[in-house]
Each structure stands twice: as C-alpha cells, then as structure tokens.
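Spelled out from the first residue to the last, the chains are:
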Amino acid sequence: MALKFYNTLTREKENFLPINSKEVRMYSCGPTVYDYPHIGNYRAYIFADTLKRVLLYEGFKVKHIMNLTDIDDKTILNSQKEGKTLKKFTEFYTKEFFKDIKVLNILNPKKFTKATDYVDEMVDIIKKLMKNGLAYKSTDNSIYFDIKKFKNYGKLSHLVLEQQKENASGRIKTDEYEKDNIQDFALWKAWDEKDGEVFWKTKLGKGRPGWHIECSAMSMANLGEQIDIHTGGVDNIFPHHENEIAQSEGATGKQFVKYWMHNEWVLVDQKKMAKSYHNFYTLKDIIDRGIDPISYRFWLLMANYRTRVNFVWEALEGSKIALKRLYKLYIELGEKVGKVDVNYQQKFKEYLEDDLDTPRALSLLWDIIKDENVSPSDKKATVLDFDKVFGLGFENLKKEKIPKEIIKLAEEREEARKNKNFKKSDELRDKINNLGYDIKDEENGYKINLK
Ligand SMILES: [Zn+2]
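Worth saying up front: this structure is predicted, and the values here are computed from it rather than measured. (Residues numbered from 1 in each chain as written. Predicted model: local features only at pLDDT ≥ 70, side-chain atom pairs only at ≥ 80, totals over all residues. Heavy atoms only, no water.)

Colleague: Would you explain the layout of surface pockets in this entry?
Modeller: Remark: the empty space left among the atoms is shown by a probe the size of a water molecule rolled over them. The space that makes up the largest pocket amounts to roughly 1,200 Å³. The wall of the largest pocket is formed by 43 residues, among which N41, E176, D235, N236 and K272 lie closest to the centre. Only α1 (39-57), β12 (227-233) and α7 (237-252) provide two or more residues apiece to the lining of the largest pocket. Of the residues in the lining of the largest pocket, the class split is 18 nonpolar, 13 polar and 12 charged. (1 Å grid on protein atoms, 1.4 Å probe; cavity = no way out; pocket = protein on both sides within 12 Å on 5 of 7 lines; lining within 4 Å. Points joined across faces, edges and corners; volume = space filled by probe spheres on them. Helix = DSSP H or I, 4+ residues; strand = E, 2+ residues; numbered from the N terminus. Nonpolar A, V, L, I, M, F, W, Y, C, P; charged D, E, K, R; others polar.)

Structure below.
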C-alpha cells in the first residue's frame, strides 16, 4: 500500500509523493512564546512529530523546521505587561517549551527558527509583493496584501471567493482574525506608540512584520520556495495559512506547499480548549496530578489526528493505567530482543499509511503482546520497532528491582506457609499487596511482580 495523507488543499486523501524523492521538506507552525502553551496546543506538535516519525519509519529522510513566533501582537503586549524586553521575555517561554517537548518525547526538528532572526528575509518578500502589484502602502505607512489581486486567495480554506472578496473592503491590522473579517491583511506594521521599543528600521520604514509573513519567510529561507508538507492546527487554516499561500505564491509564482496537513481541536466540555475561554490545562497540571505527560501523548494517539477529542481527567487517568499495564507486560517479556514479526509489521505499516491511523496501529501493540504464537523475544523486538513511531518510551524501561523489604516479607510468608500457618501467610500477602506488589505461588516457591 502507498502512503496516503489527507490534504486540506484538495479535501482528499492523496498518495504521498515528495517533490524531491531524497528528502521530505516539512514545516510546522510552532508556538508563540508569550505564555505556557496549553495541552491543546501540544496536540499540533505531537501530531507533527508522529507524522515525521512515520515518514522516517517509511524510509524517508526528513528536513523538518519549526518556528518560534517571538514577535506578534500578543508577545509585545505580554512583554510590556511584565516590563521585560521582548528578547528576555520570549527566551523564558522558549526554554519552558523546550522542556515540555522533551517530556512529551517529541523529536527535535532540524532547526527551530526564531521570527526575529528573519526580518531581512521578510522585508525581501514584501518588496517582491509590492513589485508584483500585490501589496500597497497605506496612509500610516503600513503595508498590506491586496487580496483582490491574488486570484487564488481562499483556495485552502475554500472560501466562497467572489462573494467574500466583494465584502472584503477595508484592512485588518491584527494578527489573528475570523473569517467574517476577511480583508487586506498587514504584511508590515508601521511603528506606533503601542509597540514601544519593539521596531526595526528597514527599507520599508520603521516598524515590525505582521505575523503571517514570518512563516513564509522562515519556510522559504530554510526549505526553499516549494515544500512538501506544512502542518498546523485547523485554526491556522484561516487566516494564517491562507495568507502564507498568498504571500509565498504571490512572491515566487510557484506552488508553495504540496500537502497541507492539519490536526483537529482538543475540546473541554465540548468547547474548544483555548486561553480566551479559560478552559485550558498545561502540562504542569498533568504532572501535578501525578500523571506522566507521556500518558497524554498515548491518549492522543488513541484518536485520529483529524477527529476532535474531548479532554476529561478520567480519560487521561484511564490512559495512564493502560500505558502502565503495557509497560508491565513489556517488561515481563524478559531481556532478550528477537526479530520483528513481519506479519504484525505489515499491518502496522498498512494502518499508518492510511493517513496515520494511530488508533488501529496502537491496537496491534495489545494484540501482539497477547499473541501466543509469537515468542516473547520477538514480541519485544516488534514493540520496540512500533515505538519508533509511537514514542512512548519502551526502550528506556528497565526491569524494576524488587525491594529488599518485599523479599523479606515474601520469605517470612513462605516460612509461614511451610508451617501451615495460613492466617499469618494471608496477612503477609495482604501486606505485600498493599505495598504495590503481587505474589504468586509456584511449584518451587513464589514469584513477585509489580502490581
Ligand atoms: Zn505559521
């Protein structure tokens, strides 16, 4: 079977054929480093990571770039509130983000690009757009993209164009806006008092870039004018990605991205998790509840990336227990690593090649562990192989040593059993159980396991 992905551009599952067969070029919209991301934001990065892992598993080389938005309306506002320079303010949240992606077992992209390092490149694109007649300067010296002049405007979000464009009178200067607000958008924002110390002096005048141009510039600078895959959350489709297409294709005349891939929302009480709704959780909330964040990754993999998931603590607790059980079964397979089971591997690939069907791929983990026709060492090799995609950390699991106090209790119990003192032996069993261990009697003694 061929690798197939759902492309937002065509609204169809398509065979994946990279522009250059040697290397897949992939860009992911990363975080705006103005606050701690919430776990809904992390779905986008876990999705991009899973996609990359599947590509690597399928034998592709992948050049992956993720940006850090360290300049936009929100960042400026929050840095001013805290009385910090933009650099100092964003550095703090960048470090926190790096810690989070580590605990979520997200592979580092080839490069994290900071928007503030690419202002020159943004200026160059804006100049090209002006030359091509697609951008204009307004009376306050800000520069806007003229959406009526770009014939493909709306092709990604499938806006009903002519009608929308008719309504699209006026301009919008804010970085984020809704579909009802479709208007010419800001490429370059002339300095005003609200920006304070945040500005660049460039050929376009004193000011700062709009948010959308940042990703066009970083993607083109690092991956070239045309790339294979661009990822982000569905929220990014309009206006952010629609605007990225307009800017990039307006400047180069070439198709910017071949496959646009978007993950769905995480909901809370059937409402989108968002800072503005005050219904969000962070990774710290998960850790404070005694749950390893990797359980969140596991929980997300149980759903297809294109379906909305409703976050409830009970579900996350459930995934924590299920993952713990998988870990335990894996440890019990012993030390020896055999061969990957090809039948299971074939199914695994088939599921993932079908637009990343992680729920079905995950079910194979349970199936193989329970399969009596596969040897423990081959099971172990297969689980480790699958985990290259899941990233659940099986390779780091070590057989846990049974503490001495538990062994002592087990010995005392064995003694009591020999003396037919069953009351005492039952009491000791309870004690062992309460300490988190199971004890099983076998022909030649006993076996202790972590519960
Ligand atoms: Zn972006």
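Colleague: Can you walk me through the coordination of the zinc ion in this structure?
Modeller: Octahedral metals with six donors have ideal donor angles of 90 or 180 degrees. Tetrahedral metals with four donors have an ideal donor angle of 109.5 degrees. For the zinc ion, the full set of protein donor atoms is C29 (SG), C215 (SG) and H240 (NE2), and the range of their distances to it is 2.1 Å. Donor residues for the zinc ion, ordered by position in the chain, follow C-x185-C-x24-H. Of this pair, C29 sits in the loop between β3 (23-28) and α1 while H240 sits in helix α7, and the two are 211 residues apart along the sequence. Residue classification places H240 among the buried positions, given a relative accessible area of 1%. (Donors = N, O, S within 2.8 Å, 3.2 Å for Na, K, Ca; no water. Buried < 20%, exposed > 50% of the residue type's maximum accessible area, 1.4 Å probe, protein only.)

Colleague: Just checking my understanding: could you explain unusual backbone geometry for this structure?
Modeller: Trans is the common state for peptide bonds, and a negative phi is the common state for residues other than glycine. Backbone torsion omega between F238 and P239 reads 0 degrees, so that peptide bond is classified as cis. Mapped onto the fold, P239 is located in helix α7.

Colleague: How do you make sense of empty space enclosed by the protein when you look at a structure like this?
Modeller: Throughout the structure, instances matching the rule amount to 2 cavities of 30 Å³ or more. Approximately 110 Å³ is the volume found for the largest cavity. Surrounding the largest cavity, R43, I46, F47, T50, L300, L301, A303, N304, Y305, L356 and T358 form its lining. Of all the elements in the fold, those that place two or more residues in the lining of the largest cavity are α1 and α9 (294-301). In terms of residue count, α1 provides more of the lining of the largest cavity than any other element does, 4 residues in total. Counted as a void, the second largest cavity has a volume near 40 Å³. Lining of the second largest cavity is provided by Y45, A48, D49, K52, H64, M66, I101, I106, L107, P109 and F112. For the lining of the second largest cavity, the secondary structure elements donating two or more residues are α1 and β4 (61-68). When residues in the lining of the second largest cavity are grouped by element, the largest group, 4 residues, is from α1. Residues of the lining of the second largest cavity, tallied by class, amount to 8 nonpolar, 1 polar and 2 charged.

Colleague: Looking at this model, I keep getting lost on the packing of aromatic side chains. Mind explaining?
Modeller: The final tally for this structure, using the stated rule, is 30 aromatic pairs. Look at Y136 and Y144: their rings are 6.1 Å apart centre to centre, the planes differ by 25 degrees, and that puts the pair in the stacked class. You can call Y144 buried: its relative accessible area is 5%. Centre to centre, the rings of Y327 and F394 are 5.4 Å apart; their planes meet at 85 degrees, and the pair counts as edge-to-face. Here the residue Y327 occupies a position in helix α10 (residues 313-331), and F394 occupies one in the loop between α13 (376-390) and α14 (404-418), the gap between them amounting to 67 residues. Looking at Y327, the relative accessible area reads 16%, which means it is buried. By the ring-pair criterion, three or more aromatic residues cluster together here, those being Y42, Y45, F97, F98 and F112. (Phe/Tyr/Trp six-rings, centres within 6.5 Å; stacked < 30°, edge-to-face > 60°.)

Colleague: What is the right way to look at helix α6 (residues 211-223) in this model?
Modeller: Side chains of residues three or four places apart in an α-helix project in the same direction, reflecting 3.6 residues per turn. The terminal C-alpha atoms of α6 lie 19 Å apart, and with 13 residues this matches the ideal 18 Å at 1.5 Å per residue to within 8%. Of all the 13 residues making up α6, 12 are buried; the element is thus mostly covered by neighbouring parts of the structure. Turning to α6, its buried residues number three or more, namely W211, H212, I213, E214, C215, S216, A217, M218, S219, M220, N222 and L223. A positive backbone phi angle near 95 degrees is found at G224, which sits one or two residues after α6. (Expected span 1.5 Å × (residues − 1).)

Colleague: Looking at this structure, how should I read the sheet that holds strand β16 (residues 309-310)?
Modeller: Through backbone hydrogen bonds, the strands of a sheet pair up, either in parallel or in antiparallel fashion. Strand order in the open sheet formed by 3 strands is β15-β14-β16, with mixed pairing between adjacent strands. The two strands at the open ends of the sheet, each matched to only one other strand, are β15 (271-272) and β16. Bridge count for strand β14 (residues 266-268) against β15 is 2 bridges, and the pairing is antiparallel. Considered in β15, the bridge of L267 is made with K272. (Pairing = 2+ DSSP bridges.)

Colleague: Got a minute to help me understand the sheet that holds β3 in this structure?
Modeller: Strand order across the open sheet formed by 5 strands is β5-β4-β3-β12-β13, with parallel pairing between neighbours. Each end of this open sheet is capped by a strand with a single partner; those strands are β5 (111-114) and β13 (257-263). Pairwise comparison of adjacent strand axes, ignoring direction, gives a mean angle of 25 degrees for this sheet. Of the pairings in the sheet, the one linking β3 to β12 comprises 3 bridges and is parallel in character. From the neighbouring strand, M26 faces β12, where its bridge partner is I229. Most of the contacts of α7 go to β13, to which it runs at about 170 degrees, and overall it touches β12 and β13. (Axes fitted to C-alpha atoms, helices over the stretch in contact; angles between N-to-C directions. Contact = heavy atoms within 4.5 Å.)

Colleague: Is there a simple way to explain the nonpolar core in this structure?
Modeller: Burial of nonpolar side chains together is a common tendency in soluble globular proteins. Core analysis: the largest hydrophobic core is formed by 47 residues, its most contacted members being Y27, L129, F145, Y153, F185 and L187. Elements that contribute at least two residues to this core include exactly α4 (119-131), β7 (143-145), β9 (184-190), α6, α7 and β13. In this view, L129 contacts L134, A135, F145, L187, A246, Q247, G250 and A251; residues no more than four positions away in its chain are not counted. (Core = buried A, V, L, I, M, F, W, Y, C linked by side-chain atoms within 4.5 Å.)

Colleague: Explanation requested: the side chain of H230 in the structure shown.
Modeller: Along the polypeptide, H230 turns up in strand β12. A residue is classified by how much of its surface remains accessible, and H230, at 0% relative accessible area, is buried. Within the local environment of H230, its side chain forms a polar contact with the side chain of H241, the two groups lying 3.4 Å apart. For H230, the contacting residues outside a window of four places in its chain are Y27, C29, H241, E244, F256, V257, Y259, W260 and M261. (Polar contact = N/O pair within 3.5 Å; in protein donor to acceptor, adjacent residues only side chain to side chain.)

Colleague: How should I be thinking about the pattern of salt bridges in this particular structure?
Modeller: Side-chain pairing between opposite charges can occur once the charged atoms of the two side chains come close. Counted according to the given criterion, the structure contains 29 salt bridges. Where D73 meets K189, a salt bridge forms, and the shortest distance between an N and an O atom there is 2.9 Å. A residue pair is termed long-range when its members are at least 10 positions apart, and D73 in helix α2 (residues 73-81) and K189 in strand β9 qualify at 116 residues. The class for D73 is partly exposed, based on a relative accessible area of 24%. We note a salt bridge from R208 to D195, for which the minimum N-O separation is 3.1 Å. Of this pair, R208 sits in strand β11 (residues 205-209) while D195 sits in the loop between β9 and β10 (200-202), and the two are 13 residues apart along the sequence. Judged on exposure class, the residue R208 and its partner D195 are both buried. (Salt bridge = Lys/Arg side-chain N within 4 Å of Asp/Glu carboxyl O.)

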